[in-house]
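# Observations on chain architecture
Each chain is listed here by its residues.
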Amino acid sequence: MSETHPILIRLGQGLNQVIVGQSSLIQQLLVALLAGGHVILEGVPGTGKTLLVKVLAQLIQGDFRRIQLTPDVLPSDITGTNIFDLNSRNFTLKKGPIFTEVLLADEINRTPPKTQAALLEAMEEMQVTLDGESLPLPDLFWVIATQNPLEFEGTYPLPEAQLDRFLFKLMVDYPDQAAEKQMLLNRQAGFAARRLDISRLKPIATVADILQARQAVKEVKVSEAIVDYLLALVRTSRQYPDLTLGASPRATGAWLQTSQALAWLTGRDFVTPDDVKAVASPLLRHRLILKPEAMLDALQMDAVIASVINQVPVPR
């Protein structure tokens, strides 16, 4: 039996103290952090998406940058550019906001495909090429991109090949009644998210702690029965009658990695079928594509994923 690093437990508790009513979302975000995968956060405005990422970056003492993506943002606005200095008559590199450890890309579907591609290339390659020179990104480099599901005018939806580069797509729901009541009580007591001085929050972990935890996650045992179960789930998704696109090979590897991360986060050194099932929805909901007739029947992707899982026998 392995023990979850106590720092990760305190990190989850610290996030739950600031972001009320999103404990499930916070756990999934920590799984993605431990697995080293980028995340899409989708939810209506006012649900604390930006605040959650800023607080998490502060609690792990990670460098944080935020990009508000709009139709006029150019790739060089993200990656940086070489600028000619008239005094020295030399080019000097001005690095863009992508050279950070935690990057919040707000409303990624509002920026044109060329700019999206520049960001996603850096996510995949862990480096940026400027004027033929390859510049490495920090070891932790972690992108959280947000989307608003209600606004579609003037947006550029990410194509499937680029969506596949995100580990999780997390849905930020409204808080339940008890959590929202607590938010109102907090506001009455003087708490205001917009005036919160995040820099005054006491850090709980370090970037080195997170990198060390990622190494521990890789040592979580996966039995052959779990591997066969995972492969059976993937094959079922590719043959499912309501889907035109099933899980990719990249998704298969990510599924295994996130199952290990969840097992480690819950204090186990081995993966169970429940770990595999628990990460299925955030891992697959942005990767699978419904057939047109399934869309007309108003099938929900999470329901389809649950159906895929129910079709595969659970190993002992």
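You'll find the protein entered in an unreviewed UniProt entry as ATPase, with Nostoc commune NIES-4072 given as the organism. Under the heading Sequence similarities (unreviewed entry), UniProt records this for the protein: "Belongs to the MoxR family."

Spatially, five strands are ordered β2-β5-β8-β1-β9 in an open sheet, and the strand pairing comes out parallel. The open sheet has two edge strands, β2 (64–68) and β9 (168–172), and neither has a second partner. Averaged over all pairs of adjacent strands, the angle between strand axes in this sheet comes to 20°, irrespective of strand direction. Note that strand β1 (residues 39–43) and strand β8 (residues 142–147) share four bridges and pair parallel.

This part takes up the environment of Arg285. Mapped onto the secondary structure, Arg285 falls in the loop between α12 (280–284) and β11 (289–290). Distance in space between the C-alpha atoms of Arg285 and Lys169 is 6.8 Å, their sequence separation being 116 residues. Leave out the neighbours within four places in its chain, and Arg285 touches Lys169, Leu170, Met171, Met301, Asp302 and Ile305. A distance of 2.5 Å separates a polar side-chain atom of Arg285 from the backbone oxygen of Lys169.

Parsing the protein into structural domains produces domain 1 (3–212) and domain 2 (220–311). Measuring from the centre of the C-alpha atoms in domain 1 to the corresponding centre in domain 2 gives 24 Å. Contacts between domain 1 and domain 2 engage 22 residues on the former and 19 residues on the latter. When the two sides are added together, the surface that domain 1 and domain 2 hide from each other amounts to roughly 1800 Å², 63% of it contributed by carbon and sulfur. At the boundary of domain 1 with domain 2, the tally comes to three salt bridges. The tally of links between domain 1 and domain 2 comes to 10 residue pairs in polar contact (both at pLDDT 80 or more). Broken down by secondary-structure element, the contributors of at least two residues to the side of domain 1 that touches domain 2 are α2 (23–35), α6 (160–163) and β9. It is α2 that contributes the most residues to the side of domain 1 that touches domain 2, six residues altogether. Residues that form the side of domain 1 that touches domain 2 fall into these classes: 12 nonpolar, four polar and six charged.

Reading guide: rules and limits
Every chain's residues receive numbers from 1 upward, in the order its sequence appears when written. Totals for whole chains, interfaces and linings use every residue, but because this is a predicted model, local features are given only for residues with pLDDT of at least 70 and side-chain atom pairs only at 80 or more, for both listing and counting. Side-chain metrics in this entry use all non-hydrogen atoms of the structure; hydrogen atoms and water are not considered. UniProt positions are given in the numbering used here, feature names are shortened, and annotations may be inferred rather than shown by experiment. Two strands pair under a simple rule: DSSP has to find at least two bridges between them. Put simply, DSSP H or I for four residues or longer makes a helix, DSSP E for two residues or longer makes a strand, and each gets a number counted from the N terminus. Lines fitted to C-alpha atoms define the axes, with helix axes restricted to the stretch in contact, and inter-axis angles between N-to-C directions lie between 0 and 180 degrees. Any two residues whose heavy atoms approach within 4.5 Å at even a single point are treated as in contact. Whenever a nitrogen or oxygen atom comes within 3.5 Å of another N or O atom, the pair is scored as a polar contact, on the condition that within protein one atom can donate a hydrogen and the other can accept it, and that pairs from neighbouring residues in sequence are kept only if both atoms are in side chains. Residue ranges assigned to the domains are those given by an automatic or database domain assignment. Defined here as a combined quantity, buried area equals the accessible surface (1.4 Å probe) lost by two parts on assembly, summed across both. The salt bridge definition used is simple: a Lys or Arg side-chain nitrogen within 4 Å of an Asp or Glu carboxyl oxygen. In this classification, the charged set is Asp, Glu, Lys and Arg, the nonpolar set is Ala, Val, Leu, Ile, Met, Phe, Trp, Tyr, Cys and Pro, and all remaining amino acids, among them Gly, are polar.

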